[in-house]
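Below are the chains, spelled out letter by letter.
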Amino acid sequence: MNMILRRLSRAAIAGLVAAAALTAAAHSAEAADTLGSAAAGQGRYFGAAVAAGHLGEADYTATLDREFGSVTPENEMKWDATEPSRGTFTFTSADRIVDHAQSRGMDVRGHTLVWHSQLPSWVGTLGASDLRTAMKDHISGLMGHYKGEIHSWDVVNEAFQDGGSGARRSSPFQDKLGDGFIEEAFRAARAADPAAKLCYNDYNTDGVNAKSTAVYNMVKDFTSRGVPIDCVGFQSHFNSNSPVPSDYRQNLQRFADLGVDVQITELDIEGSGSAQAADYTKVVQACLAVERCTGMTVWGVTDKYSWRSGGTPLLFDGNYAEKPAYDAVLSALGGSGGPGEPGGPGEGTATCTATYTRTADWDGGYNGEVTVTAGSEPIGSWTATVTLPARQSVSALWNGTAAFNGNVMTVRPSWNGALAAGTSTTFGFTVTKNGSDAAPAVGACTAS
Ligand code: G3I
């Protein structure tokens, strides 16, 4: 597919996505029993960093699809992944994530355009004039591919040194183009996709300190001179050496007071149990206390794939079980408690039934539909199992997310978990017969 057609088709998809996102938001308002829906109820997004390589894992995608309203490609939009040799762009892995997100009504954060790390070696060999051109071409090539599809871009990442000086970090861009490379990057980004929020993103800038003050002064300068900047990202990688700062909220607020949005972009907190939960609560409460804090992203779905997996810093453990930190975040977001948990939907007595119908039939396959109906109590979520006859396989599923164990398909809701008493939803699937026309068996429905 040539580039023009690719862009047209991506733009067309973006229109559909906007509609899907609206639908998702409407559903979210009904039941704040997931991170994404609870955050949406507060006017915020709640996202996760995602790796394309894990999207084939059923539990990974089920958790992602159920809980999160925004995704950030963890590595797939970085320079080494998207322009490994000059002028040759590869979007396969990033497209996979964007397509997955869009098909489920999730938004996408772009990470990242200009960064000293994960930079292909050819960039460092260029002289100043060539480097300037290459930087602008990279921005326009990458942003142009996703024009209209990314809610916020990390335009420049980690351009300041740690420590007390507030100095810029050495990089090919800094060393050859000087301080002005940052504003040049932001101007190029605005031209490439005027609809995207343009963010500066960094770490160890979460509290008031020399580094965050250096960033603050840059943002103040940019806003006073009309350099296009819309937001500041606070990575928020915390552990015992770098705990959640006590002036976190004040720091977010002072940036917001400059007239930019703030976002928590890469949140993870090493630890476990109630101490980790309490730290997560502090972060969520700080964001909610700042009107211009528009959303939060955790840096991964499950501890087992975290860049700091030994520190178990995320909300779901390696088996995708919700940790105390998950409950704390959901509660801080005003969520109604996890499924079946105290205060959560369906606590105690919720029931549901599932009935099956074949809705279409042809030589090689058929479509099945399962209607899930809540009992006399409202339910927050449901699980239904479908056992397929031997040889049959499922080639598509809609209005649900599936996990397979042999020929047993366990289906959970995508957007349609919450049901008022006595009301129904459906999910559907396409089966390849492979010579067997037998009907699948629908097992008991479990409500929570
Ligand atoms: O995919 C290859 C695999 O094929 C190979 O076998 C393996 C061997 O090392 O490496 C794999 O690539 C790794 C990649 O993550 C995917 O797992 C890279 O080595 C590794 O360097 C890379 O680390 C990423 C890191 O950025 C690089 O700087 C982390 O996943 C990613 O979470 C991390 O994210 C950064 C943000 O972009 C910026 N802020 C800090 C944050 C945490 O470091």
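Scroll up to find the structure.
Calculation rules
Residues numbered from 1 in each chain as written. Predicted model: local features only at pLDDT ≥ 70, side-chain atom pairs only at ≥ 80, totals over all residues. Heavy atoms only, no water. Near = heavy atom within 4 Å. Polar contact = N/O pair within 3.5 Å; in protein donor to acceptor, adjacent residues only side chain to side chain. Areas by Shrake-Rupley, 256 points an atom, 1.4 Å probe, with all protein chains shown as cover. Nonpolar A, V, L, I, M, F, W, Y, C, P; charged D, E, K, R; others polar. Disulfide = S-S within 2.5 Å. Helix = DSSP H or I, 4+ residues; strand = E, 2+ residues; numbered from the N terminus. Buried < 20%, exposed > 50% of the residue type's maximum accessible area, 1.4 Å probe, protein only. Core = buried A, V, L, I, M, F, W, Y, C linked by side-chain atoms within 4.5 Å. Contact = heavy atoms within 4.5 Å. Salt bridge = Lys/Arg side-chain N within 4 Å of Asp/Glu carboxyl O.

1. Structural notes on the site of the ligand
Neighbouring the ligand are 14 residues; Glu 74, Lys 78, His 111, Glu 266 and Trp 299 lie closest to it. At 2.9 Å, a side-chain N or O of Trp 299 approaches an oxygen atom of the ligand. For the ligand, whose unbound accessible area comes to 790 Å², protein coverage reaches 45%. Looking at the shell around the ligand, its residues break down into three nonpolar, seven polar and four charged.

2. Observations regarding the state of the cysteines
Under the defined criterion, the tally for this structure stands at three disulfides. Two residues, Cys 352 and Cys 445, share a disulfide whose sulfurs are 2.1 Å apart. One quick way to see it: the torsion about the S-S bond of Cys 352 and Cys 445 is about -100 degrees, and its sign makes the bridge left-handed. Here Cys 352 is found in strand β10 (residues 352-362), whereas its partner Cys 445 is found in strand β17 (residues 441-447), with 93 residues between them in sequence. Both residues of the pair, Cys 352 and Cys 445, belong to the buried class. Look at the protein and number its bonded cysteines as they come in the sequence; the links are 1-2, 3-4, 5-6.

3. So, the nonpolar core
In this structure, Leu 35, Phe 46, Ile 139, Trp 153, Val 156, Phe 186 and Leu 315 are the most contacted members of the largest nonpolar core, which totals 95 residues. If one sorts the elements of this core by residue count, helix α9 (residues 181-192) sits on top with seven residues. Setting aside its immediate chain neighbours within four residues, Ile 139 contacts Leu 113, Val 114, Gly 144, Ala 185, Ala 188, Ala 189 and Ala 192. By size, the runner-up hydrophobic cluster in this structure holds 21 residues, among which are Ala 350, Ala 354, Tyr 366 and Val 370.

4. What about the environment of Val 208?
Counting through the fold element by element, Val 208 comes out in the loop between β5 (197-202) and α10 (210-225). In the structure, Val 208 is positioned 39 residues away from Asp 247 in sequence and 6.7 Å away in space, judged by C-alpha atoms. In this view, Val 208 contacts Thr 213, Asp 247, Asn 251 and Arg 254; residues no more than four positions away in its chain are not counted.

5. Observations concerning the pattern of salt bridges
If you walk through the whole model with that rule in mind, you get 23 salt bridges. As a salt-bridge pair, Lys 136 and Glu 184 come within 3.6 Å of each other at their nearest N and O atoms. Pair noted here: Lys 136 is in helix α7 (residues 128-145) and Glu 184 is in helix α9, with a separation of 48 residues, a long-range link. Glu 184 gets classed as buried once you look at its relative accessible area, which sits at 18%. Sharing partners across several salt bridges, the network here consists of Glu 183, Arg 187, Asp 221 and Arg 225.

In short, the description is geometric, and any link to function would need to be established separately.
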